[in-house]
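Listed here are the chains, written in short residue letters.
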Amino acid sequence: MKQNTQKLLTWLYSPADRKSIDAPTDRKPIDAPADRNPRAIDYQQLALILPDMTPGGRRSLIYFLTQKHLICTNTLGGKTTISLTSHGTDALISQFPVFSKALREWQGEWSMLIFHKGPKGDPHFRYLRQLLLDQHAFSLSRGVYLYPGELPSQVSNLCKEMYVGAVTVAMVSQWIFGDERRAVSDHYILSDIAEIYSGISNEINQLLETQNEQKRLTKKVRLQIYSVFDRLFNVLSLDPGFLHYYYPQLPTAEQLLNQLHSVLILFDSI
C-alpha cells in the first residue's frame, strides 16, 4: 500500500465502537458527533492531507481506491464527500497494528514460539523467522520469539503445515524473573514513541487553546492541524499497538487522531 493511500485511509479512519473522544490531559472529553461515523471529508480536506499531489493525481487516487472498494464517494447538494469502507478499514488495520482492537485491549499475555530442530524444507527456520518479524513478533533470543496475544493465523497455519515437531508454542502471562518492560521497550522503542505522542498531545492542547481564543479556523491553524497529523502518521508504523499497556497515562494513537478531528469539527461548528 503506497504512502498516499495509507495517509488518506488513516485520516478517514474511525473506530467502529467509538462512543466518545478522549480529550488531551486536563480537559473534558469531546463528544463524537453521531453523524461522523463513518467519517467523511471533502476535496478541500483532501488537498491539505495530500498537498504534494496535483488535483488530477488526487482525483486519480480517489477513483482507484473507489474501484478497489477501499473508499466510497457520495454527492449531495453538489458537494462530494469521501469516506472509508469496511474493506478500507480492514486494509488499514492489516497495515498498522496500532488500529487492531485485539492489541488495543491486550493485557500482557504473550505467545511464545520456541525453535527446536528445523525441518528439511527450512533447516534454519529462515522462512518462519522472516514471517514472525513481518508480523512484528519480538525476538527474545535467536530461537525464542514472543508475540502479543494469540499468534496471527498466518503463523499458526504455517507451523501446522511445515514445522510440526520443529517448534513449540506456549502462552506466557507473567514474567517471573527478568526486566519485561526494559526488554520489550528496547525492542519496540516504546520510550521514543511515547515521547512523540506526548509532544503531539501537547500540540493538540495548544490547538484547543487557539480555538478558545480565535473562535474561527484560519488557514494557518488548518495547516497546523494537518502538520500535527503528519507527525502522528509518521510514527504509526513504529507503534506495535500495545503502548498503552506500558504507558497507560498517555493517549493512544486512535485517541490522538480522534482529537485532531474533533478540533477541526469544533472550529468548523463556530
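In the block above lies the structure referred to throughout.
Here's what I pulled together on the structure shown here.

Thresholds applied
- Residues numbered from 1 in each chain as written.
- Predicted model: local features only at pLDDT ≥ 70, side-chain atom pairs only at ≥ 80, totals over all residues.
- Heavy atoms only, no water.
- 1 Å grid on protein atoms, 1.4 Å probe; cavity = no way out; pocket = protein on both sides within 12 Å on 5 of 7 lines; lining within 4 Å.
- Points joined across faces, edges and corners; volume = space filled by probe spheres on them.
- Helix = DSSP H or I, 4+ residues; strand = E, 2+ residues; numbered from the N terminus.
- Nonpolar A, V, L, I, M, F, W, Y, C, P; charged D, E, K, R; others polar.
- Phe/Tyr/Trp six-rings, centres within 6.5 Å; stacked < 30°, edge-to-face > 60°.
- Buried < 20%, exposed > 50% of the residue type's maximum accessible area, 1.4 Å probe, protein only.
- Lys NZ or Arg CZ within 6 Å of the ring centre and 35° of its normal.
- Core = buried A, V, L, I, M, F, W, Y, C linked by side-chain atoms within 4.5 Å.
- Polar contact = N/O pair within 3.5 Å; in protein donor to acceptor, adjacent residues only side chain to side chain.
- Contact = heavy atoms within 4.5 Å.

Put simply, the largest pocket is a space of about 390 Å³. Going through the elements one at a time, helix 4 (86-95), helix 5 (101-104), strand 8 (144-148) and helix 7 (153-162) are the ones with two or more residues in the lining of the largest pocket. Considering only residue class, the lining of the largest pocket consists of 11 nonpolar, seven polar and two charged.

Summed over the entire model, instances satisfying the criterion amount to 19 aromatic pairs. Aromatic side chains Phe-242 and Tyr-246 sit 6.1 Å apart centroid to centroid with 65 degrees between the ring planes, which places their arrangement in the edge-to-face category. With relative accessibility at 0%, the residue Phe-242 sits in the buried group. Residue Tyr-246 is classed as buried on the basis of its relative accessible area, which comes to 7%. Grouped by ring-pair contacts, the aromatic residues Trp-11, Tyr-13, Phe-96, Phe-99, Tyr-226, Phe-229 and Phe-233 constitute a single cluster. Positioned over the ring face of Tyr-247 is Arg-181, at 4.6 Å from the centre of the ring.

Turning our attention to the nonpolar core. Counting 58 residues, the largest nonpolar core has Trp-11, Trp-110, Tyr-197, Leu-232, Leu-236 and Phe-242 as its most contacted members. Of the residues forming this core, the biggest block, nine residues, is contributed by helix 10 (residues 219-236).

What follows deals with the side chain of Asp-42. Mapped onto the elements, Asp-42 comes out in the loop between strand 3 (40-41) and helix 2 (43-49). Accessibility expressed as a relative area gives 16% for Asp-42, which makes it buried. Polar contacts involving the side chain of Asp-42 include one to the main-chain amide nitrogen of Gln-44, which spans 3.1 Å. Not counting chain neighbours up to four residues away, the residues in contact with Asp-42 comprise Lys-79 and Thr-80.

Considering the arrangement of structural elements, one finds Ser-83 in strand 5 (residues 79-84). For Ser-83, a relative accessible area of 11% puts it in the buried group. If we ignore the near neighbours within four places in the chain, the residues touching Ser-83 are Leu-12, Arg-39, Ala-40, Ile-71 and Cys-72.

Here we come to empty space enclosed by the protein. Under the criterion given, the structure shown has one cavity of 30 Å³ or more. Approximately 100 Å³ is the volume found for the largest cavity. Taken together, Val-98, Arg-104, Tyr-197, Asp-239, Gly-241, Leu-243, His-244, Tyr-247, Leu-250, Pro-251, Thr-252 and Ala-253 make up the lining of the largest cavity. When its residues are assigned to classes, the lining of the largest cavity shows seven nonpolar, three polar and two charged.

Purely geometric stuff here, so don't read any function into it on its own.
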